[in-house]
Amino acid sequence: MLAICPGSFDPVTHGHLDVIGRAASLFDEVIVAVGRNSAKNYLFTLDERLDLMRQVTGEWPNVSVEALDGLLVDFARAKGAGVLVKGLRFASDFDFELQMAHINAVVGSVETVMLPASSQWATLSSTMIREVASYGGDVAAFVPDVVARQIRRKSQGMEHADG
Ligand code: PNS
């Protein structure tokens, strides 16, 4: 069975990779769909997020990485995927994901499988990583080395905007 792991992955964290790796062992094939959420300000461009995701998922032969444009359920149908995989951390994730699962089931006849985040990464968020990184803080504990290096390179070229 083919499953899709969607997200912004800005940046991809050890928590995302934990969920993607577990999905890769549960399903025959996994497509990581890297998308754009109009409500978010991104640190990395879509091309950078695709490139980083490809580098850090290279160890899994049944995982591929593609750009997501448009509705997730249309993407799933075009790929012939019947399942979306979502990682869950806290109750607020569940409340949001339950709503999405219901609408995606009706609009796109697609199932959603929710995997609980592993305890080690249960409170990790890309938003907080972006915040710490924007002040030049060290986020190396939470992301793969290649991502940490790219963040350092970016933040050397940026100064935190005050007010
Ligand atoms: O969890 P994220 O990182 O905000 O997810 C981003 C993304 C692009 C995967 C998500 O916003 C998405 O699926 N966008 C496509 C539009 C869509 O299908 N939205 C869900 C139905 S309301």
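Below or above, wherever it landed, is the structure these notes cover.

Details of the pairing of strand E2 (residues 29-34)
Counting buried residues in E2 gives 5 out of 6 residues, a clear majority hidden from the surface. Pairing of strand E1 (residues 2-7) with E2, which is carried by 6 bridges, proceeds in the parallel orientation. Counted as the bridge partner of leucine 2 is glutamate 29 from E2. The β-α-β motif built from E1, the intervening helix H1 (residues 14-26) and the parallel element E2 has right-handed crossover chirality. Bridge count between E2 and strand E3 (residues 63-67): 5 bridges; the pairing is parallel. Of the residues in E3, the one forming a bridge with alanine 33 is glutamate 66. Traced from E2 through helix H2 (residues 46-56) to E3, the parallel crossover comes out right-handed.

Section: the environment of glutamate 111
Among the secondary structure elements, glutamate 111 is positioned in strand E5 (residues 111-116). Look at glutamate 111 and you get exposed, because its relative accessible area is 55%. Measuring from C-alpha to C-alpha, the distance between glutamate 111 and glycine 7 comes to 16 Å, with 104 residues separating the pair along the chain. Discounting residues that sit within four places of it in the chain, glutamate 111 has contacts with Gly82, Val83 and Leu84.

Quick look at the site of the ligand
What surrounds the ligand is the set Pro6, Gly7, Ser8, Gly35, Arg36, Asn37, Lys40, Leu68, Gly70, Leu71, Leu72 and Met100. Contacts to the ligand include serine 8, whose side-chain N or O atom sits 2.7 Å from an oxygen atom. One nitrogen or oxygen atom from the main chain of leucine 72 is found 2.8 Å from an oxygen atom belonging to the ligand. Computed on the free molecule, the ligand has an accessible area of 550 Å², of which 69% lies beneath the protein chains in the complex. Looking at the shell around the ligand residue by residue, the classes come out as 5 nonpolar, 5 polar and 2 charged.

Observations regarding unusual backbone geometry
Glycine aside, residues mostly have negative phi angles, and peptide bonds mostly take the trans form. The residue after aspartate 10, namely proline 11, is reached through a cis peptide bond having omega 0°. Despite not being glycine, phenylalanine 9 shows a phi value in the positive range, around 55°. Secondary-structure assignment places phenylalanine 9 in the loop between E1 and H1. Assessed through its relative accessible area of 7%, phenylalanine 9 is described here as buried. Backbone geometry at serine 109 places phi at a positive 50°, although glycine is not the residue there. Structurally, serine 109 can be placed in the loop between helix H4 (91-108) and E5.

Thoughts on the pattern of salt bridges
Overall, the coordinates contain 7 salt bridges when judged by the stated rule. With its nearest N and O atoms 2.7 Å apart, the salt bridge here joins lysine 79 to glutamate 66. In this pair, lysine 79 sits in helix H3 (residues 72-79) while glutamate 66 sits in strand E3, placing the two residues 13 residues apart along the sequence. By relative accessible area, which is 24% here, glutamate 66 ends up partly exposed. Residues lysine 86 and glutamate 97 are paired through a salt bridge, measuring 2.8 Å at the closest nitrogen-oxygen approach. Of this pair, lysine 86 sits in strand E4 (residues 83-88) while glutamate 97 sits in helix H4, and the two are 11 residues apart along the sequence. A residue is classified by how much of its surface remains accessible, and glutamate 97, at 12% relative accessible area, is buried.

Quick look at the nonpolar core
Formed by 36 residues in total, the largest nonpolar core has its most connected members in Ile20, Val32, Met53 and Val85. Counting residues in each nonpolar core, the second largest holds 12 residues, with Ala33, Val73, Phe75 and Ala81 among its members.

Thresholds, definitions, all that
- Residues numbered from 1 in each chain as written.
- Predicted model: local features only at pLDDT ≥ 70, side-chain atom pairs only at ≥ 80, totals over all residues.
- Heavy atoms only, no water.
- Buried < 20%, exposed > 50% of the residue type's maximum accessible area, 1.4 Å probe, protein only.
- Helix = DSSP H or I, 4+ residues; strand = E, 2+ residues; numbered from the N terminus.
- Pairing = 2+ DSSP bridges.
- Right-handed = clockwise from strand over helix to strand, strands pointing away.
- Contact = heavy atoms within 4.5 Å.
- Near = heavy atom within 4 Å.
- Polar contact = N/O pair within 3.5 Å; in protein donor to acceptor, adjacent residues only side chain to side chain.
- Areas by Shrake-Rupley, 256 points an atom, 1.4 Å probe, with all protein chains shown as cover.
- Nonpolar A, V, L, I, M, F, W, Y, C, P; charged D, E, K, R; others polar.
- Salt bridge = Lys/Arg side-chain N within 4 Å of Asp/Glu carboxyl O.
- Core = buried A, V, L, I, M, F, W, Y, C linked by side-chain atoms within 4.5 Å.

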